[in-house]
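Structural characterization, general
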Amino acid sequence: MTELSLRHGEGWRMDKLIIRGGAPLRGQVEVSGAKNAALPAMVASLLTEESIRLHRIPQLGDVRTIIGLLNHLGVSVEGRGQEPISLRADRIDRFEAPYQLVKTMRASVLVLGPLLARFGRARVSLPGGCAIGTRPINLHLAALEKMGATVSLDAGYVEAKAPRLKGARITFEGQTVTGTENLMMAATLADGVTVLENAACEPEVTDLAALLNRMGARIEGAGTPTISIEGASHLHGAEHEVIPDRIETGTFMVAAAITGGDVTINRCLPYHLEAVTEKLRETGVLVEETDCSIRVLGDGHVRGVNIRTHPYPGFATDMQAQMMALMSIAQGSSVITETVFENRFMHVNELLRMGADIKVVGTTAFVHGVPTLSGAPVMATDLRASASLVLAGLAAQGITTISRVYHLDRGYESIEQKLLGLGASIERVAEH
Ligand code: EPU
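This section reports on the structure supplied with the text. (Residues numbered from 1 in each chain as written. Predicted model: local features only at pLDDT ≥ 70, side-chain atom pairs only at ≥ 80, totals over all residues. Heavy atoms only, no water.)

1. Thoughts on the overall build of the protein
- Across its full length, the protein holds 15 helices and 24 strands.
- Relative to a compact globule of 432 residues, whose C-alpha radius of gyration would be 22 Å, the protein shows 21 Å and is just as compact.
- Among the 432 residues that make up the protein, the fraction classed as buried is 59%.
- In the protein, 73% of the contacts between residues at least 6 apart in sequence involve partners at least 24 apart.
- For the protein, the exposed surface amounts to about 16,400 Å²; the carbon and sulfur share of it is 49%. (Helix = DSSP H or I, 4+ residues; strand = E, 2+ residues; numbered from the N terminus. Rg over C-alpha atoms; globule rule 2.2 N^0.38 Å. Buried < 20%, exposed > 50% of the residue type's maximum accessible area, 1.4 Å probe, protein only. Contact = heavy atoms within 4.5 Å. Areas by Shrake-Rupley, 256 points an atom, 1.4 Å probe, with all protein chains shown as cover.)

As structure tokens, this is what we get:
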């Protein structure tokens, strides 16, 4: 067992964060590897019996959950702390993602494609509802059926079978990130060529394709809406470094803007954040970029701007809650429209408790900026909602106490140490 897997349950501790707001953040911070690139990269190890070595895997709740799932299937995972981790799927003896794990992390459905492609069968619990909406997997299933899989539903589980998947032309009805990743992985071991149309273009999809190609897959077009995959009889071991986390980067950018600070974010890829950069510049903050760093300089005053979330390269839904925190102290009004998930405004009621002025009508939030927020006890409800409450707390007057921090720990590595390094007053305490 690895240190990571031993600490599997740790992400669910009932900690709370106590933030004393008002200090402008200043200094340099380094982003971690991307959660949403690390999860599929780790799952890709199921496609070969040889070892996959991954660099820059962040230490997060969701990473511990996926290690728990991979261990459950029979994958051995080695690596400690910040070292690269090695995964080897040479003794797979289970083919099922159980309810307990899928329920806590929806990305567990990523094992469906690889298990089916390599072993001809997979049984995965249906995700059900989650804090940000229904989030079905119908598009994953319809696409696998097009590749010849038989899919049935039994006691809350999806069972898929296929002696060998066959290449197919698949047009996704809607863009889906994990759906594209699931199908791309499945197609690497299918018989013949698969073409995915209306595929997700997120950088995490492109990063997964890069790893799969290192493993011997033949994938072209990742990062565009049309991806073609020529199936191979087997894949082999590989080494790969996952991309930097663009959402963590964006969160620190907003942290600088909302506190009127001066923060340089290092080891990031600015071209993954063009939509965020553009919006922040529109608010009036200064954003400077190099190839691998972003500096955000604010003076404590931002203008209200309108935001509409879109799949990449549009404004990411994973940055919507953080921008809403910023807009709640902007001069003027802002209209924020969420188009990707139907119920991703869980942070609004908590921001209202801190004095924000926000009205939600359907999938649109009308934010009227107030001069200051005031610290309050608030509760995290999902990962990005938690991040927005941290940002609001950093800007607020007085003390903000955020409970249920395990949501934040699912996706932000060492968040309070990184913020402390930038001069924030933030403390983690165990909740009783
Ligand atoms: N959808 C369907 N049917 C499907 C699949 C998706 O109707 O079979 C719908 C969803 O309900 C949603 C939309 O399509 O309305 C887009 O969902 P998508 O499948 O793209 O989301 P996902 O793959 O489940 C990933 C990220 C999310 C991120 C979204 C959108 C991972 C592990 N998760 O989710 O990240 O918000 O893409 O960019 O990659 C987060 O990190 O906090 C997070 C939620």
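2. Here's the deal with the packing of helix 11 (residues 320–327) against helix 13 (residues 383–395)
- Direction vectors running N to C along helix 11 and helix 13 enclose 25 degrees, while the axes themselves pass 7 Å from each other. The pairing of helix 11 with helix 13 is recorded here as roughly parallel in orientation. Relative to helix 13, helix 11 is oriented so that their crossing is right-handed. Contacts between helix 11 and helix 13 involve A321, Q322 and A325 from the first element and R384, A385, A387, S388, L391 and A392 from the second.
- Its residues assigned to classes, the contact of helix 11 with helix 13 shows 6 nonpolar, 2 polar and 1 charged. (Axes fitted to C-alpha atoms, helices over the stretch in contact; angles between N-to-C directions. Parallel < 35°, antiparallel > 145°, perpendicular 65-115°, else oblique. Left-handed = near helix turned anticlockwise from the far one by under 90°. Nonpolar A, V, L, I, M, F, W, Y, C, P; charged D, E, K, R; others polar.)

3. Describing the sheet that holds strand 11 (residues 193–197)
- Strand order in this open sheet of 4 strands is 10-11-13-12, and the pairing throughout is mixed. The two strands at the open ends of the sheet, each matched to only one other strand, are strand 10 (169–171) and strand 12 (218–220). Pairwise comparison of adjacent strand axes, ignoring direction, gives a mean angle of 15 degrees for this sheet.
- Bridging between strand 11 and strand 13 (residues 227–230) involves 4 bridges; their strand directions are antiparallel. (Pairing = 2+ DSSP bridges.)

4. Description of the environment of I229
- Residue placement: I229 occurs in strand 13.
- Between the C-alpha atoms of I229 and R218, which are 11 residues apart in sequence, the distance is 5.7 Å.

5. A word on the packing of aromatic side chains
- For the coordinates displayed, the defined rule picks out 1 aromatic pair.
- When the ring centre of Y157 is taken as origin, the NZ or CZ atom of R123, which lies over that ring, is 4.3 Å away. (Phe/Tyr/Trp six-rings, centres within 6.5 Å; stacked < 30°, edge-to-face > 60°. Lys NZ or Arg CZ within 6 Å of the ring centre and 35° of its normal.)

6. Some words on the pairing of strand 5 (residues 85–88)
- Two elements, strand 3 (residues 51–55) and strand 5, share 4 bridges in a ladder whose sense is antiparallel. Paired with R53 across the bridge in strand 5 is S86.

7. Considering the nonpolar core
- Core analysis: the biggest nonpolar cluster contains 79 residues, and M42, L46, M184 and L212 have the highest contact counts within it.
- Dropping the residues within four chain positions of it, M184 is found in contact with L196, V205, L208, A209, L212, I219, I227 and I229.
- The next biggest cluster of nonpolar side chains, apart from the first, holds 69 residues, and it includes C268, A365, L383 and A424. (Core = buried A, V, L, I, M, F, W, Y, C linked by side-chain atoms within 4.5 Å.)

8. Things to note about the environment of R169
- Along the polypeptide, R169 turns up in strand 10.
- For the pair R169 and R344, spaced 175 residues apart in the sequence, the C-alpha separation amounts to 32 Å.

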